[in-house]
Amino acid sequence: MEKHIYIFSGLGADEKAFQRLNLDNYKVTHMRWIKPGGDETIEAYAKRLLEQVISPKPVLMGLSFGGLMAIEVSKYIRAEKIILISSVKTKKEIPLPYRMLGKIGFQKLFPLQSLRHPNFITNFLFGARSEEDKELLKPMLENTDIDFLKWAMDQVAEWRNEFIPGNIIHIHGTADRVLPYRNVKCDYTIDDGGHMMVLNHAAEVNEILQEIIK
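Numbering of residues starts from 1 in each chain and follows the order in which that chain's sequence is written. For this predicted model, a pLDDT threshold of at least 70 governs which residues receive local features, and a threshold of 80 or more governs which side-chain atom pairs are given and counted, while totals over whole chains, interfaces and linings are taken from all residues. Note: side-chain values were computed over all heavy atoms of the structure, leaving out hydrogens and water.

Asker: Tell me what's going on with the layout of surface pockets, and back it up with residues and numbers.
Answerer: Residues are said to line a cavity or pocket when one of their atoms sits within 4 Å of a point; the points come from a 1 Å grid over protein atoms alone, cavities being sets where a 1.4 Å probe fits but cannot get out and pockets being open sets with protein on both sides within 12 Å along at least five of seven lines. Grid points are joined across faces, edges and corners, and a volume is the space filled by probe spheres set on the points. The volume enclosed by the second largest pocket comes to roughly 410 Å³. Lining the second largest pocket are 22 residues, and of these Trp33, Ile34, Pro36, Asp145 and Phe148 lie nearest its centre. Secondary structure counts use DSSP, requiring at least four H or I residues in a row for a helix and at least two E residues in a row for a strand, with both numbered from the N terminus. With 5 residues, helix α7 (residues 146-158) is the single largest residue contributor to the lining of the second largest pocket. Classification convention: Asp, Glu, Lys, Arg as charged; Ala, Val, Leu, Ile, Met, Phe, Trp, Tyr, Cys, Pro as nonpolar; all other residues, Gly among them, as polar. Tallied by class, the residues present in the lining of the second largest pocket amount to 9 nonpolar, 7 polar and 6 charged.

Asker: Now, about the environment of Asn167: what can you tell me, with residues and values included?
Answerer: Inspection of the secondary structure assignment puts Asn167 in the loop between α7 and β5 (168-173). Three labels apply to residues, based on accessible area from a 1.4 Å probe with only protein chains included: buried if under 20% of the type maximum, exposed if over 50%, partly exposed otherwise in between. A relative accessible area of 25% means that Asn167 is categorised as partly exposed. Here the alpha-carbon distance between Asn167 and Phe8, two residues 159 residues apart in the chain, equals 17 Å. With sequence-adjacent residues up to four places away left out, Asn167 is seen in contact with Ala79, Glu80, Lys81 and Ile82. The contact rule is simple, with two residues in contact once any of their heavy atoms fall within 4.5 Å.

Asker: Tell me about helix α2 (residues 65-74), and name the residues and values.
Answerer: Most of α2 sits inside the fold, with 10 of its 10 residues counted as buried. Every buried residue of α2 is listed here: Phe65, Gly66, Gly67, Leu68, Met69, Ala70, Ile71, Glu72, Val73 and Ser74.

Asker: Residues and numbers for the environment of Leu137, please.
Answerer: Relative to the assigned elements, Leu137 resides in helix α6 (residues 131-142). Distance from Leu137 to Gly62, taken between C-alpha atoms, is 18 Å for residues 75 residues apart in sequence. If sequence neighbours within four positions are ignored, Leu137 has contacts with Thr122, Asn123, Phe126, Ala128 and Met196.

Asker: Mind laying out the pattern of salt bridges, listing which residues take part and the relevant values?
Answerer: One side-chain nitrogen of Lys or Arg within 4 Å of one carboxyl oxygen of Asp or Glu is enough to make a salt bridge. Scanning the model with the defined rule gives 9 salt bridges in all. Between Glu80 and Lys3 there is a salt bridge, and its shortest N-O distance comes to 2.7 Å. Taken together, the residues Glu80 in the loop between α2 and β4 (81-85) and Lys3 in the segment before β1 (4-8) connect sequence positions 77 residues apart. The salt bridge involving Glu40 is made with Arg48; its shortest N-O contact spans 2.9 Å. Look at Glu40 and you get buried, because its relative accessible area is 12%.

Right, here's the structure in full:
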């Protein structure tokens, strides 16, 4: 029976973030982000996303913020596996500065619009070193929905999850500057992989995925 993989992209990213992954042998659905309510919680939002999941016991795959959503969705359905890439499993893996800045509402004061324009800071954070990396990152930043970004940053800062599903598999890079490697406990490590390693370390990510999705 063909496996069905539901993919949750990261903030500002869409299915193009996964363009270098080899998922030809699987049925793939890229989850569509929907407009959140102003005070909607991540738990309530996950319930609304469930309308897009129609296959029994699917594989859920989440990149960055998408990993948080994959975990939240998995609380309402039976998933065969939950795969996190460059993400976190619990509130303890979210860097303390993020949580502290979230408490004072920093994300509401910071000019998030500036993140839509590639610069040395965004290139540094995402690990975009080569010109090719920068060109791949550019459309993801430019297509970022600022209202969704503000809401999602609130949810990351306030995420209280401590539940780790037994069927979760976490892939992380040692050079991730957005969600530092030292904060997480992962199952697979990609040396020198940054936050956009799904693109610029795709061969290594593919090798791991072929091993764990059987």
